[in-house]
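# What the coordinates show
Residue strings, one per chain:
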Amino acid sequence: MALVYWTSDGGGSGVGDISSVLVRWIRTNGNPALIVNGGDIYDRGKPTEFDEFLNQMDGDVSMICETSGNHDWKTRERSVATGEIPIGYERFWARFPPPLSRQPIDATRKGGARYEHYIDLNGWRLIFLDTGPLEFGPWPLGDQSRVDWLRTALTSAPGRAKIVLAHHSRLSRGRHGDNDELDELWRTLFDPVTGAPLAAFTLAGHDHSVSLYGPRPKDNPASGTVPFERGIHVFVNGAGGSGHYTGWRGTQPDLHFDDDNYCVTRINLIDARTADVDVLNFGAVPRPTTQPTVLPNSTLRFRF
Amino acid sequence: MKKLHVTQDDYGFWELSLEDDDGSLTLLAHQFVDPSHLIQDAHEMVLQGELPDAVVVVDPPRRQVHRTGAWPADYRKPAPKKAGA
């Protein structure tokens, strides 16, 4: 058994201390094997804002990796050696190479590809993608090698015990809504010949709310749920500390929607054929003493 | 004319509301401790073409929201609100 926790959209400046409350609970009560931060160190991913994030994490990022968000990419630089990168994000995680954190930087690659990686844990593969600069262009920003890398990551281990984690989600409900620009990425998660899904679910943030979708098909995922054999679950949890977005736009989730509470997604990787996922609800006013409850209809069991 | 209102609720948290052409109000975001994120959101919605003709209206701050330890236990999602109201 290995427990993985996801929080997103709650670190940096001008966001209060919810992210500290959540991560302290995870460390104290959650027995984490890995903590994933889904991105956005506010306001602009500056080095000083990453320092605030480090303080919010109590100076310890040894269990943490971060899929960069659009706010991380607001402070960016370009060089011949690196391509365009989020410079505050790069410098911060370069200070904490594994094992000081779980976030690697591949200095042989350029742009967001430098931060894409996977972690194999208890028979499952967690694939981390960088969709942070989505407002400047859709993933993979013209870099075909990233598509090839993703296909290899999805197919070099057998079965569907794979999770794709990024800041943006193909489907989402909130102020932002669906990201049609991610359709190429979404379609890459299916076998190009048979159309069979290659992953169990995707997990993202960006909208500061919780949206849980049943399995969605390769074509027109907003159209509705299909059997798991033909679709991939879509989970969104951006309720990690920086307020809430209401369900203004985007595909209505068929399993659950929440725009009132601060939440952590818990993934229990039991073995290579089994995992449970649920969403821990810390309420609208989390305190250091808060014990979360499981959000209604948020528990999903994967059995292959 | 559509308007995007960035205002404070009764607890001091910041919220974002959309006023439609007919005057109806919709809450888009709530419980932010600082207005800067919502001001940025509102301007992005205009500049990126989601609400290209909307006007952004921001209330001056009236009170500061403290750290979570001092947050009101009875917080509830607020009603949408116009700036200056």
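All values derive from a computational prediction rather than experimental measurement.

Moving on, we come to the environment of Leu28 of chain B. Among the structural elements, Leu28 of chain B can be located in strand E3 (residues 25-32). Expressed as a C-alpha distance, the spacing of Leu28 of chain B and Lys77 of chain B, which sit 49 residues apart in the sequence, is 11 Å. Not counting chain neighbours up to four residues away, the residues in contact with Leu28 of chain B comprise Arg175, Tyr245, Thr246 and Trp248 of chain A together with Leu16, Ser17 and Leu18 of chain B.

Attention now goes to helix H4 (residues 144-155) of chain A. All names here are of chain A. Here H4 is 12 residues long and its end C-alpha atoms lie 17 Å apart, about the 16 Å a rise of 1.5 Å per residue gives. The complete set of buried residues in H4 reads Arg146, Trp149, Leu150, Ala153 and Leu154. For H4, the angular spread of the buried residues around the axis is 130°, confining them to a single face. Facing away from the buried side of H4 by more than 90 degrees, the exposed set consists of Gln144, Ser145, Asp148, Thr152 and Thr155. Residues of H4 that are buried make contact with strand E8 (117-121), strand E9 (124-128), strand E10 (162-165) and helix H5 (183-188).

This paragraph deals with the sheet that holds strand E14 (residues 244-245) of chain A. Within the open sheet, the five strands sit side by side as E14(A)-E3(B)-E2(B)-E1(B)-E4(B). Their pairing is mixed. Only two strands of the sheet have a single partner each, and these edge strands are E14 of chain A together with strand E4 (55-58) of chain B. Sheet topology note: the strand E2 (residues 14-19) of chain B/E3 of chain B ladder contains five bridges and is antiparallel. Residue pairing across strands places Glu19 of chain B opposite Leu25 of chain B, the latter belonging to E3 of chain B.

As a further point, take the sheet that holds strand E11 (residues 201-204) of chain A. Residues and elements named next belong to chain A. Pairing in this open sheet of seven strands is mixed, and the strands run E8-E9-E10-E11-E13-E12-E15 from one edge to the other. Only two strands of the sheet have a single neighbouring strand rather than two, namely E8 and strand E15 (256-258). For this sheet, the mean angle separating the axes of adjacent strands, direction not counted, is 15°. Pairing of strand E12 (residues 210-216) with E15, which is carried by three bridges, proceeds in the antiparallel orientation.

At the junction of the two partners, chain B supplies 19 residues and chain A supplies 20 residues. Every element with two or more residues in the side of chain B that touches chain A is listed here: E3 and helix H1 (36-47) of chain B. Broken down by element, the residue count for the side of chain B that touches chain A peaks at seven residues, all from E3 of chain B. Of the residues in the side of chain B that touches chain A, the class split is eight nonpolar, seven polar and four charged. The sheet contact formed by E14 of chain A and E3 of chain B spans two bridges and is antiparallel. Its bridge partner being in E3 of chain B, His244 of chain A is matched across the sheet by His30 of chain B.

About the criteria used
- Residues numbered from 1 in each chain as written.
- Chains lettered and ligands numbered in written order.
- Predicted model: local features only at pLDDT ≥ 70, side-chain atom pairs only at ≥ 80, totals over all residues.
- Helix = DSSP H or I, 4+ residues; strand = E, 2+ residues; numbered from the N terminus.
- Contact = placed C-beta atoms within 7 Å.
- Expected span 1.5 Å × (residues − 1).
- Buried ≥ 20, exposed ≤ 12 C-beta atoms within 10 Å, placed from the backbone.
- Arc of directions from axis to C-beta.
- Pairing = 2+ DSSP bridges.
- Axes fitted to C-alpha atoms, helices over the stretch in contact; angles between N-to-C directions.
- Nonpolar A, V, L, I, M, F, W, Y, C, P; charged D, E, K, R; others polar.

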